[in-house]
Amino acid sequence: MNHNSTTPLIFFLVILFMNLGCAKEPEYIASEKGIYPMKSKTASRFNSNIDELYEGDIKSFIKRMKDEGHKPNRLIDEKSPYLLQHAFNPVDWYPWGDEAFKKARKEDKFIFLSIGYSTCYWCHVMEREIFEVPEIAEIMNKLFISIKVDREERPDVDRIYMQALQMMTGSGGWPMSIFMTKDLKPFWGGTYIPPESNYGRPGFVELITKLDELWRNNRDELNKSAESLYSVLTEHQASDAPTKLPGAEVLDAGYKVFESMYDDTHGGFGNAPKFPRASTFNFMFRYAARTGNEKAKEMTLQTLRKMAEGGIYDHIGGGFHRYSTDERWHVPHFEKMLYDQGQLVNSYLDAYQLTGDEFYSDNVKDVLNYISKNFTDENGGFYSAEDAESATDPDNPDIKAEGAFYIWSQSELMELLGEEAGKLFAYYYGVESSGNVLEDPHNYFPGKNVLYIAHTLEETASEFDIPIVDLKSALDESRIKVYDHREKRMNPHLDDKILVSWNGYMISAYARAYQILHDDGYLLSAERAAHFIKLNLYDAKEKILLRRFRDGEAGIEANLSDYALLVAGLIDLYEASFNSDWLEWADELNDLMIERFYDNKSKAFYDTPEDSENLIVRMRDDYDGAEPTGNSIAVMNLLKLSQILDKSELRDKADGILSYYSGILSKSPHALPQMLAAVDFSLTKPKQIIIAGKIKSDDTKMMLQTLHEFYIPNKVVIHSDVENEENYMNKNLEIVKYMKMIDGKATAYVCENYACKLPTNDLDIFVSLLDGRSKL
């Protein structure tokens, strides 16, 4: 693996970029993005009487387009909401697959690959400006083969061409626009491309016309350029032999980088746009626990607080938006992604364990209530995303605006709430008569307000001379009114596909929330999601896991992240429920992951199986971005399962992965904060905490509640089931059989490498054995 590769583009390709320009992404494009069961808003979205309210609902969109006489293209047979959004374009779109590739070869045409996702704002813009225009579509259909890919369904395809795009242009983003040869090798790439030429850059029509001319008259040079780039791609993914295991020095180096990036005023690590990179929070909390470095903890706590107070958080409906366009966490890009919610719930749970401050636990409850209402399928799976834009006029559902569902004028709020309550609300949430968006280069929010906590409860109570208890009551009442009024607006599009990897995040989030906040509904939500995946996306006989479920159909072979994140969720679910069936399935999936993705030469995982079709490079990520790499998640699973099941071979594989990544961890430790968390675990003697007791007994529950008052990141929790000695845990780890209750009471065994201290059923002694640095 050569992490220092540069792109040796030949002179011709340099000239091509100079002449055509690289499509520069707009300012806001960024590269690498209650108690349950309860009545769910998503469950009602398919009721015919409100179909048109949710104008983004794919079913009602397709019905409306057909009723209006529009003819669909072949994408109408796909399941991806993103592809279905393009099913009525005049472009002759193909999904990724052999049909498109054979046609390109047969007709001797190059390929246009357009990659995006259904809640991508600039993807919608490019569709409206280019793909819906018949005259442009006619040229596209004549010159090349057009392929549309949902990056969330096919992250394997997305990773290859995003890597190529970044090598060509130095940046990336979505929509991704790639032009490539018949054998799928790229030769030109950009992101959003405007329809008309401006500022010295070509518009889409000019670009494709020149590329066609080059394809017809200078193909040899285009092919050479494509081969040159392909060589760099394959070199970057070359399998080097592992070097040495990383030590504590990479943790220190990673901390120093994040410390240097920290914004002392607004929180966050880096400049605007600011992303909620949960793996950074995970590492920083662990680093603080390891070293006693209070600054690492305080920087992370401050960042989480500023995020929850800012406009990146939806203070009316709950949930985090994708990222902040400014340094204050105020004006977000308004889409909401499931993977953000799942990861951030775990970050706020950590913060609550470390501080006991209900500010953080209240945020967890709010986010999970939002997920239960908005993202939960009636059968238990979790949907993927909500769009950033929505329509403002029911009579014109195709005319949409960024953030329209979430923003407010002062006059609208005052009319809704009345003068007294309106003034309280406006002061607390920073509402201004002229709007509160200070920087609005695209003029999206004139006179509008993005709600954020502008003043504390104490400041607001003092300003209005009102007791805090009365202020809280008034704000709660106002939020309910604002929420109910907002629900009358046209909701953003819901991407209702169910992805295994992202559901893994939420299984973990709900399981840990149950452990720490003791709400039975959270455990139920985690279990229902796991059952859904096992029933609908896993073939137990053939041992095959699929990635995506939507509209009654499972499809697309699972990749490394699907296996790794599901296993991670199942480990957390086992530790929360003590149902060893979940541990058994996690162990089975982990073995399958090793069989399908592990590379014996490099001692690390690839992102795709060896037998994957139509992929020009077998990729392996080396950056923990909005989502951690599959290897970063998998190595932590291996470390935990090696401790739970006492399997030394899993520890050996974990060490191999850490050795493989040791080079980049030494040079750029901040690139892989989740991997740093695994390094931290590997350098510690994790606590094995075995609880012998009856699962549903009060004393067992009390012992577990006591345990989870502590922030102890490097531990595993195991159940010695005194009621069922034939369960998976007891059968696979003989020592557990001998860990019994004392005097008929739930008993704790605190061990390291299964060398245990004296067992106890005394909670005070148990606490002393835990030696936790941080307790609620």
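Residues numbered from 1 in each chain as written. Predicted model: local features only at pLDDT ≥ 70, side-chain atom pairs only at ≥ 80, totals over all residues. Heavy atoms only, no water.

Topic: unusual backbone geometry
Here is step 1: A cis amide bond links Trp174 with the next residue in sequence, Pro175, at an omega value of 5°.
Here is step 2: Residue placement: Pro175 occurs in the loop between helix 7 (155-169) and strand 4 (176-180).
Here is step 3: Residue Trp329 is not a glycine yet carries a positive backbone phi of 60°.
Here is step 4: The residue Trp329 is located in the loop between strand 6 (323-324) and strand 7 (332-333) in this model.
Here is step 5: Look at Trp329 and you get buried, because its relative accessible area is 1%.
Here is step 6: At Asp551, a residue that is not glycine, the phi angle is positive and equals roughly 55°.
Here is step 7: Its place among the elements puts Asp551 in the loop between strand 15 (544-550) and strand 16 (553-557). (Helix = DSSP H or I, 4+ residues; strand = E, 2+ residues; numbered from the N terminus. Buried < 20%, exposed > 50% of the residue type's maximum accessible area, 1.4 Å probe, protein only.)

Concerning the side chain of Ser279
Here is step 1: Residue position: Ser279 is located in helix 11 (residues 278-291).
Here is step 2: For Ser279, a relative accessible area of 1% gives the class buried.
Here is step 3: In this structure, Ser279 is in contact with Asp624, Gly625, Pro628, Pro673 and Gln674, ignoring residues within four places of it in sequence. (Contact = heavy atoms within 4.5 Å.)

Comments concerning the packing of helix 8 (residues 204-217) against helix 9 (residues 219-236)
Two numbers describe a pair of packed helices, the interaxial angle and the distance between the axes.
Here is step 1: Running from amino to carboxyl end, helix 8 crosses helix 9 at an angle of 105°, the nearest separation of the two axes being 5 Å. The orientation of helix 8 relative to helix 9 falls into the category roughly perpendicular. Seen from helix 8, the contacting residues are Leu211, Leu214, Trp215 and Asn217; seen from helix 9, they are Arg219, Leu222 and Asn223.
Here is step 2: When grouped by side-chain class, the residues that make up the contact of helix 8 with helix 9 number 4 nonpolar, 2 polar and 1 charged. (Axes fitted to C-alpha atoms, helices over the stretch in contact; angles between N-to-C directions. Parallel < 35°, antiparallel > 145°, perpendicular 65-115°, else oblique. Nonpolar A, V, L, I, M, F, W, Y, C, P; charged D, E, K, R; others polar.)

Section: the pairing of strand 20 (residues 715-721)
Here is step 1: Here strand 20 lies mainly inside the structure; 7 of its 7 residues are buried.
Here is step 2: In the sheet, strand 19 (residues 687-693) pairs with strand 20 via 7 bridges, with the strands oriented parallel. Counterpart to Ile691 in the pairing with strand 20 is His719.
Here is step 3: For the segment spanning strand 19, helix 27 (residues 698-707) and strand 20, crossover handedness is right-handed. (Pairing = 2+ DSSP bridges. Right-handed = clockwise from strand over helix to strand, strands pointing away.)

Quick word on the sheet that holds strand 8 (residues 336-337)
Here is step 1: Within the open sheet, the 3 strands sit side by side as 8-9-12. Their pairing is antiparallel. Edge positions in the sheet fall to strand 8 and strand 12 (494-495), since each has one partner strand and no second.
Here is step 2: Note: strand 9 (residues 385-386) against strand 12, 2 bridges, orientation antiparallel. Its bridge partner lying in strand 12, Ala385 is registered against Asp495.

A short note on the state of the cysteines
Every disulfide links exactly two cysteines, by a covalent bond between their sulfur atoms.
Here is step 1: Following the criterion strictly, the structure yields 2 disulfides and no others.
Here is step 2: Cys120 shares a disulfide with Cys123; S-S distance 2.3 Å. The S-S bond linking Cys120 to Cys123 shows a torsion near 80°; that makes this disulfide right-handed.
Here is step 3: Residue class for Cys123 comes out buried when judged on its relative accessible area of 2%.
Here is step 4: Covalently, Cys751 is tied to Cys756 through a disulfide, its sulfur atoms 1.9 Å apart. Here the S-S torsion is close to 95°, and the disulfide linking Cys751 with Cys756 is therefore right-handed. (Disulfide = S-S within 2.5 Å.)

Notes on the pattern of salt bridges
Here is step 1: Inspection of every chain in the model, using the stated rule, returns 47 salt bridges.
Here is step 2: Between Arg596 and Glu557 there is a salt bridge whose closest N-O contact spans 2.0 Å. Of this pair, Arg596 sits in helix 22 (residues 580-597) while Glu557 sits in strand 16, and the two are 39 residues apart along the sequence.
Here is step 3: Note on Glu557: relative accessible area 38%, which makes it partly exposed.
Here is step 4: A salt bridge links Lys687 to Glu752; the nearest nitrogen and oxygen atoms lie 4.0 Å apart. Within this pair, whereas Lys687 is found in strand 19, its partner Glu752 is found in strand 21 (residues 747-752), the two being separated by 65 residues in sequence. (Salt bridge = Lys/Arg side-chain N within 4 Å of Asp/Glu carboxyl O.)

So, the packing of aromatic side chains
Where two aromatic rings form a pair, the distance of their centres and the angle of their planes describe that pair.
Here is step 1: The final tally for this structure, using the stated rule, is 50 aromatic pairs.
Here is step 2: When the ring of Phe112 is compared with that of Phe204, the centres are 5.6 Å apart and the planes differ by 65°; the resulting orientation is edge-to-face. Linking Phe112 in strand 2 (residues 111-116) with Phe204 in helix 8, this pair joins segments that are 92 residues apart in sequence. Neither residue differs from the other here; Phe112 and Phe204 are each classed as buried.
Here is step 3: Ring geometry for Tyr339 versus Trp502: centroids 4.8 Å apart, planes at 70°, classification edge-to-face. Taken together, the positions of Tyr339 in helix 13 (residues 338-355) and Trp502 in helix 19 (residues 500-517) put the pair 163 residues apart, joining distant regions of the chain.
Here is step 4: Overall, the relative accessible area of 1% leaves Tyr339 in the buried class.
Here is step 5: Ring pairs connect the aromatic residues Trp93, Phe110, Phe112, Phe131, Phe144, Phe179, Phe187, Trp188, Phe204 and Trp215, which therefore count as one cluster.
Here is step 6: Geometry around Trp174 places Arg151 over its ring, the cationic atom sitting 3.9 Å from the centre.
Here is step 7: When the ring centre of Tyr370 is taken as reference, the NZ or CZ atom of Lys336 above it lies at 4.1 Å. (Phe/Tyr/Trp six-rings, centres within 6.5 Å; stacked < 30°, edge-to-face > 60°. Lys NZ or Arg CZ within 6 Å of the ring centre and 35° of its normal.)

Some thoughts on the sheet that holds strand 22 (residues 755-756)
Here is step 1: Reading across the sheet, the 4 strands line up as 20-19-21-22 and stay open at both edges, with mixed pairing between neighbours. Each edge of the sheet is formed by a strand with only one pairing partner; in this case those strands are strand 20 and strand 22.
Here is step 2: Contacting strand 19, strand 20 and strand 21, helix 27 runs over the sheet at an angle of about 160° to strand 19.

Some points on the packing of helix 11 against helix 26 (residues 673-682)
Here is step 1: Here helix 11 crosses helix 26 at 30°, and the two axes come no closer than 7 Å. In this view, helix 11 runs roughly parallel relative to helix 26, as classed from their interaxial angle. The hand of the helix 11/helix 26 crossing is left-handed. Together, Ser279, Thr280, Asn282, Phe283, Arg286 and Arg290 of helix 11 and Pro673, Gln674, Leu676, Ala677, Asp680 and Phe681 of helix 26 make up the contact between the two elements.
Here is step 2: Of the residues belonging to the contact of helix 11 with helix 26, the class tally is 5 nonpolar, 4 polar and 3 charged. (Left-handed = near helix turned anticlockwise from the far one by under 90°.)

Some words on the environment of Arg128
Here is step 1: Within the secondary structure, Arg128 sits in helix 5 (residues 121-131).
Here is step 2: Residue classification places Arg128 among the partly exposed positions, given a relative accessible area of 30%.
Here is step 3: Arg128 sits 270 residues away from Asp398 along the chain, and the two C-alpha atoms are 9.4 Å apart.
Here is step 4: A distance of 3.2 Å separates a polar atom in the side chain of Arg128 from a polar atom in the side chain of Glu389. (Polar contact = N/O pair within 3.5 Å; in protein donor to acceptor, adjacent residues only side chain to side chain.)

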